[in-house]
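One-letter residues, chain by chain:
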Amino acid sequence: MTDLWLISVPLDKTSSNSVEKLKRTLSKTNLASCCKFSIPDLKVGILDSLLSMSDDLSKLDTLTESVIKKTYQCMREVMEQSTDKVLENTLANGVDLMSYVTKFQWDKAKYPTALPLSSLADIINKEVSQVETELKSRAAAYNSVKTSLQSLEHKLDGNMQTRSLNDIVRKEDLVVSEYLTTLLVVVTRGSYLQWERTYESLSEFVVPRSSRKLYEDGEAGVFSVTLFKRAVCEFKAKAQESKFTVREYGFDLEEKKQQEMKQLSVHKKEQYGIFVCWLKVHFSEVFIAWIHLKALRVFVESVLRYGLPVNYQALLLETDRKRSKKVREELDSLFMHLDPTATASKTDVSCDIPGLCQQEYFSYICFHINTNVLEIS
């Protein structure tokens, strides 16, 4: 598994030397890869407002990651856990997620750097909230069609009590005239003998020796029986008492059910294409918004921590989770001069809390990009 850390250090001489030493050490030991994470010059505004913005951005980070999870999970469910199809559609600007993060470039057209930080946060918040709302309604609509189709398929392909009889019954199996009609009766396999002995006595208007077995499976069989129309209600009541089930059947009724299933199947296929396209587009949008949000958080925290004028360097570290502890120790050693009182946490450094890698305070700024959620490691 991979850990991604966004760290920020000031561009003073000592820190710059530490950055170069970090790069050399990581390259030599293969503990991690390290590259510059480009964040443009943003409008600082009033310093006092940055404190409240820091909290707001943290909450927005949590929301955005949550929407990414939901969108990703929805895509998995719609694609019925097909890993290859999911990977093909979980992209950001047409590239895989890891490539997007490691080669991140701020989208100035979508997030103009001339806008105040609060306005940039509002753009992301509006975008993410809108996707979350629309995801709920679209998922509900798609699942409704899917459930209706599955329910109908279950009825038509189920046991003898519900399954379609179109492939079993032929027109010549039914006698339909002005006075006579044919009923179809489901009889359990253990009751065949009882049926043969008693069906003629269920009504005095049953045509003698008219019953024929049309089909059977492991549990039951379908028998036809011809009788006068006037006796249908009486026969059904007596059949129910004997635990024989009379199936409602008609070629028009069966054709209507088959047509309904066909229409639902076509509708589901159409909705599938539309929904997958929507998921692909909006997964990309929310993921892109999330990485821009991380950049915003780094900028705000850097200003709050290192002061004005804005002068810091953001780095993206990618390491194997097993090596995270050693990388953390190297960072602590190199940047302890920024705040000698800082104490690193002794607990697992790979926790999945959005934003800060840990609750503990480090001498440098660090945010964690949760790769577990996205399976981009």
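Treat the numbers as computed from the prediction; the structure is a model and nothing was measured. Residue positions are given per chain, counting from 1 as you read along its sequence in written order. Under the rules for a predicted model, residues below a pLDDT of 70 receive no local features and side-chain atom pairs below 80 are neither given nor counted, while totals for whole chains, interfaces and linings still include all residues. Hydrogens and water molecules were not included; the side-chain quantities draw on all heavy atoms of the structure.

A.B. asks: Give a detailed account of the overall build of the protein, specifying residues and quantitative values.
C.D. replies: Numbering of helices and strands starts at the N terminus; helices are DSSP runs of H or I of at least 4 residues and strands are runs of E of at least 2. Secondary structure summary: the protein contains ten helices and nine strands in total. Only the C-alpha atoms count toward the radius of gyration. The rule for a globule is 2.2 Å times the residue count to the power 0.38. Relative to the 2.2 N^0.38 estimate, which gives 21 Å for 377 residues, the radius of gyration of the protein is 34 Å and therefore markedly larger than a compact globule would have. Expressed along its principal axes, the backbone C-alpha trace of the protein runs to roughly 105 × 40 × 30 Å. Relative to its 377 residues, the protein shows a buried fraction of 45%. When the accessible area of the protein is evaluated, it comes to approximately 19,800 Å², of which 50% is carbon and sulfur surface. For every residue, the accessible area obtained with a 1.4 Å probe (protein chains only) is divided by the maximum for its type, and the residue is called buried under 20%, exposed over 50%, and partly exposed between those limits. Computed with the Shrake-Rupley method and a 1.4 Å probe, the accessible areas treat only the protein chains shown as cover for residues.

A.B. asks: Describe in detail the domain arrangement of the protein, supporting the description with residues and values.
C.D. replies: Along its sequence, the protein is organised into domain 1 (27-149 + 266-341 + 358-369) and domain 2 (171-248). Centre-to-centre, using C-alpha coordinates, domain 1 lies 66 Å away from domain 2. Start and end points for every domain follow an automatic or database-based domain assignment.

A.B. asks: Go over the nonpolar core, please, and point to the residues and values.
C.D. replies: Counting 59 residues, the largest nonpolar core has Phe-37, Ile-39, Leu-117, Phe-275, Phe-287 and Ile-291 as its most contacted members. At the level of secondary structure, the elements contributing two or more residues to this core comprise β1 (2-10), α2 (47-78), α4 (97-102), α5 (117-157), α8 (251-306), β7 (312-320) and β9 (365-369). Among the elements that take part in this core, α8 stands out by supplying 18 residues, more than any other. In plain words, nonpolar cores are sets of buried Ala, Val, Leu, Ile, Met, Phe, Trp, Tyr and Cys residues tied together by side-chain atoms within 4.5 Å.

A.B. asks: Before we move on, can you summarise α2 with the specific residues and values?
C.D. replies: By definition here, a helix of n residues has an expected span of 1.5 Å times n minus one. The end-to-end C-alpha separation of α2 is 46 Å, in line with the 46 Å expected for 32 residues at 1.5 Å each. Each residue is assigned a bend, namely the angle between axes fitted to the seven residues that terminate at it and the seven residues that start at it. At Met-53, α2 is bent by approximately 30°, the largest bend along its length. Looking at the residues trailing α2, positive phi occurs at Glu-80, about 55°.

A.B. asks: How would you explain the pairing of strand β3 (residues 180-188) if you had to name every residue and give the values?
C.D. replies: Counting buried residues in β3 gives seven out of nine residues, a clear majority hidden from the surface. With nine bridges connecting them, β3 and strand β5 (residues 220-228) associate as antiparallel partners. Within the sheet, the bridge partner assigned to Leu-183 lies in β5 and is Val-225. DSSP bridges decide pairing: two strands pair if at least two such bridges lie between them. Sheet analysis places β3 next to strand β6 (residues 245-247), joined by three bridges and oriented antiparallel. For Val-186, the partnering residue across the bridge sits in β6 and is Thr-245.

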